[in-house]
Amino acid sequence: MTTIARKLQDVRARIATACQLAGRGVEDVTLLAVSKTFGAADVRQAAEAGQRAFGENYVQEGVEKIAALADLRAALAWHCIGPLQSNKTRLVAEHFDWVHTVDRLKIAERLSAQRPEGLASLNVCIQVNIDGGASKSGVAPAEALALARAVAALPRLRLRGLMTIPEPAPDFGAARAVHASARALFEQLNAAGLGLDTLSMGMSADLEAAVAAGSTMVRVGSAIFGARG
Ligand SMILES: *Cc1c(COP(=O)(O)O)cnc(C)c1O
């Protein structure tokens, strides 16, 4: 078994344990393998070990990897999880399956307009700055509902949920509390009729706290692929 296959198994076991402790089904939580900075050969190894969803932060790097793994394209889902500038929306709309980092209507409008007709709707999460970090992207929680409604109305997008990247927390309880505030916002939007099914939160260091708080998709990089250089 390769190192990547073994680490994937460890991460799946962590998710399963966290689900069990939270009284949740393991099928409630999707593992997104964050392959940024790692090569196509590493992604292929993970795919051969059964991993299907991959996350990339840098659009150009992601597009190159998608091309290098074109033979696996139908089996894999590619998620753009990095900050998105206007001049990169076309590449994302043409090549990716998901975008987690929509925090402005203008970006969503471009993605919708640029999504090719022959492809399924682009799956979108709205990034929320859940802990008010000053230097961060993401819409303020109070603005999430209005943006979600506007994004949900765009024709070539399918609004799936919310995504957060909280600051590292000092301990499990603090991490879970921040993630729980994201879960509460997610439920508030669903109570308003938005029909969201995805709450993208939790990374290598805090996936247990995120699952405990109700994450449905954890984005895990270093615990699968190793430390980034
Ligand atoms: C890099 C990255 C991750 C994965 O982080 P790890 O700590 O390596 O698991 C998850 N989400 C986003 C948005 C990232 O940029």
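Residues numbered from 1 in each chain as written. Predicted model: local features only at pLDDT ≥ 70, side-chain atom pairs only at ≥ 80, totals over all residues. Heavy atoms only, no water.

Participant: What is the right way to read the pairing of strand E2 (residues 53-56) from this model?
Facilitator: If a strand is regular, its side chains alternate between the two faces of the sheet. Every second residue of E2 is oriented toward a common face, with Ala53 and Gly55 on one face and Phe54 and Glu56 on the other, all of them buried. Alignment of strand E1 (residues 30-34) against E2, held across 2 bridges, turns out to be parallel. For Val34, the partnering residue across the bridge sits in E2 and is Gly55. In the classification by handedness, the crossover that spans E1, the intervening helix H2 (residues 40-48) and the parallel E2 is right-handed. With 4 bridges joining them, E2 and strand E3 (residues 77-80) adopt parallel strand pairing. Bridge assignment links Phe54 to a residue of E3, and that residue is Trp78. Between the parallel elements E2 and E3, the chain passes through helix H3 (residues 59-68) in a crossover that is right-handed. (Buried < 20%, exposed > 50% of the residue type's maximum accessible area, 1.4 Å probe, protein only. Helix = DSSP H or I, 4+ residues; strand = E, 2+ residues; numbered from the N terminus. Pairing = 2+ DSSP bridges. Right-handed = clockwise from strand over helix to strand, strands pointing away.)

Participant: I keep staring at the environment of Lys106 and nothing clicks. Help me out?
Facilitator: Here Lys106 shows up in helix H5 (residues 105-114). In sequence terms Lys106 and Ser86 are 20 residues apart; their C-alpha atoms lie 8.2 Å from each other. Looking at Lys106, its side chain comes within polar contact range of the side chain of Ser86, at 3.2 Å. (Polar contact = N/O pair within 3.5 Å; in protein donor to acceptor, adjacent residues only side chain to side chain.)

Participant: Looking at this structure, I do not really get the site of the ligand. What am I missing?
Facilitator: The environment of the ligand is formed by 13 residues, the closest being Lys36, Asn57, Ser204, Ser222 and Arg228. Measuring from an oxygen atom of the ligand, one finds a side-chain N or O atom of Asn57 at 2.7 Å. Contact distances for the ligand include 2.9 Å between a nitrogen atom and a side-chain N or O atom of Arg219. For the ligand, whose unbound accessible area comes to 390 Å², protein coverage reaches 89%. (Near = heavy atom within 4 Å. Areas by Shrake-Rupley, 256 points an atom, 1.4 Å probe, with all protein chains shown as cover.)

Participant: I keep staring at the nonpolar core and nothing clicks. Help me out?
Facilitator: Side chains that are nonpolar tend, in soluble globular proteins, to be buried together. Residues Phe54, Leu111, Ile126, Val151, Leu162 and Ile224 are the most contacted members of the largest nonpolar core, which totals 60 residues. The greatest single-element share of this core, amounting to 6 residues, is contributed by helix H1 (residues 3-22). Setting aside residues up to four positions removed in sequence, Ile224 forms contacts with Ile4, Lys7, Leu8, Val11, Leu31 and Ala33. Listed in part, the 8 residues of the second largest apolar core include Ala53, Ile81, Trp98 and Cys125. (Core = buried A, V, L, I, M, F, W, Y, C linked by side-chain atoms within 4.5 Å. Contact = heavy atoms within 4.5 Å.)

Participant: Hey, could you run me through the pairing of E3 in this one?
Facilitator: In terms of strand pairing, E3 meets strand E4 (residues 98-102) through 2 bridges, oriented parallel. Of the residues in E4, the one forming a bridge with His79 is Trp98. Between the parallel elements E3 and E4, the chain passes through helix H4 (residues 89-95) in a crossover that is right-handed.

Participant: Just to check I follow, could you spell out the packing of aromatic side chains for this structure?
Facilitator: What characterises a pair of aromatic rings is the spacing of the ring centres plus the angle enclosed by the ring planes. In the structure shown here, the tally under the stated rule is 2 aromatic pairs. Seen in terms of ring centroids, Phe38 and Phe225 are 5.4 Å apart; in terms of plane orientation they differ by 25 degrees. Their pairing is stacked. On the criterion of sequence distance, the pair formed by Phe38 in the loop between E1 and H2 and Phe225 in helix H9 (residues 222-225) is long-range, its members being 187 residues apart. As far as the burial class goes, Phe38 and Phe225 line up, both buried. Aromatic pair Phe54 and Trp78: ring centres 5.7 Å apart, planes at 35 degrees, arrangement tilted. Highlighted residues: Phe54 in strand E2 and Trp78 in strand E3, separated in sequence by 24 residues. When its relative accessible area of 1% is taken as the criterion, Trp78 is described as buried. (Phe/Tyr/Trp six-rings, centres within 6.5 Å; stacked < 30°, edge-to-face > 60°.)

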